[in-house]
Amino acid sequence: MLVKVVSKNFDIPNSHKLEVAKANGRYSSIEKLFSMQPDDVTDQVTKSGLRGKGGGGAPCGPKWKLMPKDDPRPAYLIVNGDESEPGTFKDRQIFQYDPHLLIEGIICSSYAINAHDAYIYVRGEYKWFIDRLNEAIKEAYDAGIIGEKVMGHDYRMDITVHRGGGAYICGEKSALIESLEGKRGHPRLKPHGKECEWFFDNPATVNNVETIATVPFIVENGYEAYTAYGTEKSPGTMLFAMSGPVKNPGVYELAFGNKMIDVINQIGGGMQDGKKLKAVIPGGSSCPILTASEVEKAVLDYESMWDIGSTLGTGGMMIIDDSMNMVDVAKNLIEFYHHESCGQCTPCREGCGWIDKILAKVLAGEGTKKDLETILDVCDTMNGKTICVFAPAVKDIIKSILIKFEDEFIKEIK
Amino acid sequence: MSKFKYTPENEAKFQEQIKRYPNSNSMMLPALWLVQEQEGWVSPDAMIFVADKLNKTPIEIYEFATFYTMFNLKPIGTYHIELCKTLSCMVMGSRDLKKFIKDTIGIGPGETSEDGLFHFSEVECLGACGGAPMFALNGEYHENQSIDSLKKVIEECRDASKSSK
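Bear in mind that the values here come from a model prediction, so they are computed numbers and not experimental data.

**Focus on the interface of chain A and chain B**
Here comes step 1: On the side of chain B, 37 residues touch chain A, which itself brings 59 residues to the contact.
Here comes step 2: Together, Arg163, Arg184 and Asn332 of chain A form the three largest contributors to the area buried by chain A at its contact with chain B, with a combined 16%.
Here comes step 3: Counting the contacts that link chain A with chain B gives 4 salt bridges.
Here comes step 4: For Glu335 of chain A, the salt bridge goes to Lys85 of chain B, with nearest N and O atoms at 2.5 Å.
Here comes step 5: Put simply, chain A and chain B have 26 residue pairs in polar contact (both at pLDDT 80 or more) between them.
Here comes step 6: Those elements giving two or more residues to the side of chain A that touches chain B turn out to be strand E2 (115-122), helix H7 (127-142), strand E3 (158-163), helix H8 (173-180), strand E6 (237-243), strand E10 (316-321) and helix H14 (326-340) of chain A.
Here comes step 7: Considering every element that reaches the side of chain A that touches chain B, the biggest residue donor is H14 of chain A, with 8 residues.

This is how it looks when you write it as structure tokens:
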């Protein structure tokens, strides 16, 4: 069931060191890369069907094509390593076990979009991983892999790690750029038409760490090798993270299309002794929750997850057992969102606060049925009326818990 | 005029990093991280220093620093325990660890122990859900924790403090 595309070197001792990384295939795509035209690289990535692994699932190749051609301004690649979605802890595996794969991916991706400067924005809490990444980048500079020439080729490549400050919203790409520009991480208004991102008014592309780390495989082996994995509409693989009371929590690379229950039982080892599966939040805390019976039917690819009313998100499966009170679960999550709302849009800032207070009242035994109606009303008021998708995400998770586990909320109220 | 100054090493790091961005505004986070790594917190005086370096007003630095929760805007204890409270850690027992900290050190979220040794923060997801429950001690991750392992870490901090006196 497990496959090795991005995670190929994770289990090799000292895989983060340049010497070991090179001995195990890192930077082997670079010669082929420079034998191709940048547009050919983009074309391969487009045909591979590679999608953004940071939660949104947007196709990577078409995103690169949004970069303007023949623009005299410098272009930038910004790698999103903010990884702050609860339940998601996959990108840190790349930082820890294969940072040179990320550097190689940055070279390939930058060449495709004609960028010479890349910034890796990493959440501030990942200090240890930032240090490891910086060590790898220094090794790459010292070895002439990056710098004025990339491995002897006439292409400059500079990579800088930018440490975040603990704001979840900076995982949203436009908020990330705002933060990188030295401002509060407030998401930007989106343009009507599709266009690239803008970093100090220069064209930029933002991609997730795992997305970038997948590119060398496609460059080296061709898009067909990648589409050999997964399903027709969701080709390839993903680093799925599993947390909660299963026997083997962790990060596992799988092709798209596996049954969720098989992954939980065969890879995760099933539930810990004495615990029974009650629910799963499938792809980070903002994806609508699945009941145990829905988990039996769930298939881990984008289309299948939409078909059962949820989303694949980051692939971070949060397992919940039958000892948990689902009102408590909802309260825990709304505390997160209340704390992390950037405060820019009133429906989000105030809505999160209202739901948080109402759920506290319900848990204190002072709630009424009207309060539950108010929560649903606030969810609908938040949805679609804000600059970014933070508020719709809150609506998705809170509403799904309330509707699917309504009996537990009823038990708590007067 | 600020009394705060970077150490020569940090000043060199600042000068090296500012060259890597197309606009010095990008130095806001790196400049404040250098302050916090040097002092343990970001004082108003240090904010004035950063403002001068980046051609900003002090209020701009303050507005920025208050948005990012990892900057300590007042001094904290020697050992900063950041306990993750978000869902997977809650499901796996983080509340027991919180109670243990209250019972043994006597501090709740946002508080510093009377001897100044410990500061306790209850934080939102630290991206270690597979190792839940977890906490960070001065930024170093401790995953798959239990009351026994937390007790051991607290005792080690106390022993280290005694031996350094």
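Next comes the rest of the description.
**Focus: the environment of Ser28 of chain A**
All names here are of chain A.
Here comes step 1: Within the secondary structure layout, Ser28 lies in the loop between helix H1 (18-23) and helix H2 (30-35).
Here comes step 2: Measuring from C-alpha to C-alpha, the distance between Ser28 and Glu220 comes to 7.5 Å, with 192 residues separating the pair along the chain.
Here comes step 3: Apart from the residues within four sequence positions on either side, Ser28 is in contact with Glu104 and Glu220.

**Section: the packing of aromatic side chains**
Here comes step 1: By the definition in use, this model includes 32 aromatic pairs over all chains.
Here comes step 2: Members of the aromatic cluster, joined through ring pairs, are Tyr76, Tyr119, Phe199 and Phe200 of chain A together with Tyr21 of chain B.
Here comes step 3: In this structure, Arg163 of chain A packs its charged tip against the face of Trp33 of chain B, placed 3.4 Å from the ring centre.
Here comes step 4: The ring centre of Phe14 of chain B lies 4.6 Å from the NZ or CZ of Lys53 of chain B, which sits over that ring.

**Focus on a nonpolar patch on the surface**
Here comes step 1: Taken together, the side chains of Ile59, Tyr62 and Leu73 of chain B present a nonpolar region at the surface, about 280 Å² in accessible area.
Here comes step 2: Note that Leu73 of chain B resides in the loop between helix H4 (58-67) and strand E1 (79-84).

**What to know about the sheet that holds strand E4 (residues 135-137) of chain B**
All names here are of chain B.
Here comes step 1: The mixed open sheet is built from 5 strands, whose spatial order is E2-E3-E1-E4-E5. At either end of the open sheet lies a strand with only one pairing partner, and these are strand E2 (111-112) and strand E5 (140-142).
Here comes step 2: Where E1 meets strand E3 (residues 118-123), 6 bridges bridge the pair, whose relative direction is parallel. Its bridge partner lying in E3, His80 is registered against His119.
Here comes step 3: Across the sheet, helix H6 (residues 94-104) lies against E1, E2 and E3, angled at about 150° from E1, the strand it touches most.
Here comes step 4: Sheet strands in contact with helix H7 (residues 147-164) are E1, E3, E4 and E5, and its direction is about 10° off that of E4.

**What to know about the domain arrangement of chain B**
Here comes step 1: You can read the domains of chain B as domain 1 (8-67) and domain 2 (79-163).
Here comes step 2: Taking the mean C-alpha position of each, domain 1 of chain B and domain 2 of chain B sit 29 Å from one another.

**What about the sheet that holds strand E9 (residues 290-291) of chain A?**
Residue and element names in this part refer to chain A.
Here comes step 1: As summarised here, the arrangement of the 5 strands in space is E7-E6-E10-E8-E9, forming an open sheet in which the pairing is mixed. The open sheet terminates on both sides in strands that have one partner only, identified here as strand E7 (250-255) and E9.
Here comes step 2: Pairing of E6 with E10 involves 3 bridges; the strand directions are parallel. Each bridged residue has a counterpart across the sheet, and for Ala241 the counterpart in E10 is Gly316.

**As for unusual backbone geometry**
Here comes step 1: The omega angle of the peptide bond from Ala132 of chain B to Pro133 of chain B is -5°, so this bond is cis rather than trans.
Here comes step 2: Its place among the elements puts Pro133 of chain B in the loop between E3 and E4.
Here comes step 3: The phi dihedral of Phe200 of chain A falls on the positive side, at around 50°, and the residue is not glycine.
Here comes step 4: Tracing the backbone through its elements, the reader meets Phe200 of chain A in the loop between strand E4 (197-199) and strand E5 (202-208).
Here comes step 5: You will see that Asp201 of chain A, though not glycine, has its phi angle at about 65°, which is positive.

**Digging into the packing of helix H6 (residues 99-113) of chain A against helix H9 (residues 209-221) of chain A**
All names here are of chain A.
Here comes step 1: Interaxial distance between H6 and H9 falls to 7 Å at its minimum, and their mutual angle equals 75°. As summarised for this structure, H6 and H9 are arranged roughly perpendicular, according to the angle between their axes. Facing H6, whose interface residues are Leu101, Leu102, Glu104, Gly105, Ile106, Cys108 and Ser109, H9 presents Val209, Ile212, Ala213, Val215, Pro216 and Val219.
Here comes step 2: In terms of residue class, the contact of H6 with H9 is made up of 10 nonpolar, 2 polar and 1 charged.

**Topic: the nonpolar core**
Here comes step 1: Ranked by internal contacts, the top residues of the largest apolar core, which has 154 residues, are Leu102, Ile106, Ile107, Ile120 and Ile401 of chain A.
Here comes step 2: The dominant element in this core, judged by the number of residues it contributes, is H6 of chain A, at 9 residues.
Here comes step 3: Mapping this core onto the domain boundaries places at least three of its residues in each of domain 1 (8-67) and domain 2 (79-163) of chain B.
Here comes step 4: If sequence neighbours within four positions are ignored, Ile120 of chain A has contacts with Val79, Phe95, Leu102, Ile106, Leu133, Ile137, Ile159, Thr160, Val161 and His162 of chain A.
Here comes step 5: Of all hydrophobic cores here, the second largest spans 24 residues; its members include Phe256, Ile264, Val295 and Leu312 of chain A.

Reading guide: rules and limits
- Residue positions are given per chain, counting from 1 as you read along its sequence in written order.
- As a convention, the first chain written is A and the first ligand written is 1, with the rest following in written order.
- Local features in a predicted model are, by the rule used here, given only for residues with pLDDT of at least 70; side-chain atom pairs are given and counted only at 80 or more, and totals for whole chains, interfaces and linings are based on all residues.
- Here the side-chain values reflect all heavy atoms present in the structure, with hydrogen atoms and water set aside.
- Any two residues whose heavy atoms approach within 4.5 Å are treated as being in contact.
- The buried area of a pairing is the accessible area, by a 1.4 Å probe, that goes missing from both parts when the two are put together, added over both.
- A pairing counts as a salt bridge when a side-chain nitrogen of Lys or Arg comes within 4 Å of a carboxyl oxygen of Asp or Glu.
- Pairs of N or O atoms within 3.5 Å make up the polar contacts considered here, provided that, within protein, one atom can donate a hydrogen while the other can accept it, and that residues adjacent in sequence are counted only when both atoms are side-chain atoms.
- A run of DSSP states H or I qualifies as a helix once it reaches four residues; a run of E qualifies as a strand once it reaches two. Both are numbered from the N-terminal end.
- Aromatic contacts are taken between Phe, Tyr and Trp rings whose centres are within 6.5 Å, Trp giving its six-membered ring; a plane angle under 30 degrees counts as stacked, one over 60 as edge-to-face, and the others as tilted.
- By the criterion adopted, a ring carries a charge over it if an Arg CZ or a Lys NZ lies within 6 Å of its centre and within 35 degrees of its normal.
- Patches here: salt-bridge-free residues with over 30% relative accessible area, like charges joined within 9 Å, nonpolar side chains (Val, Leu, Ile, Met, Phe, Trp, Tyr) joined within 5 Å.
- Residue exposure ignores everything except the shown protein chains as possible cover, and the areas themselves are Shrake-Rupley values with a 1.4 Å probe.
- Being paired, for any two strands, means DSSP has found at least two bridges between them.
- Between N-to-C directions, angles cover 0 to 180 degrees, with each direction set by a line fitted to C-alpha atoms, over the stretch in contact for helices.
- In this entry, domain limits derive from an automatic or database-based domain assignment.
- We call two directions roughly parallel when the angle between them is under 35 degrees, roughly antiparallel when it is over 145, roughly perpendicular when it lies between 65 and 115, and oblique otherwise.
- Polarity classes work like this: nonpolar for Ala, Val, Leu, Ile, Met, Phe, Trp, Tyr, Cys and Pro, charged for Asp, Glu, Lys and Arg, and polar for all others, with Gly in that last group.
- To qualify as a nonpolar core, a set must consist of buried Ala, Val, Leu, Ile, Met, Phe, Trp, Tyr and Cys residues joined through side-chain atoms within 4.5 Å.
- Buried residues are those whose accessible area, probed at 1.4 Å on protein chains only, stays under 20% of the maximum for their type, while exposed residues exceed 50% and partly exposed ones sit between those limits.

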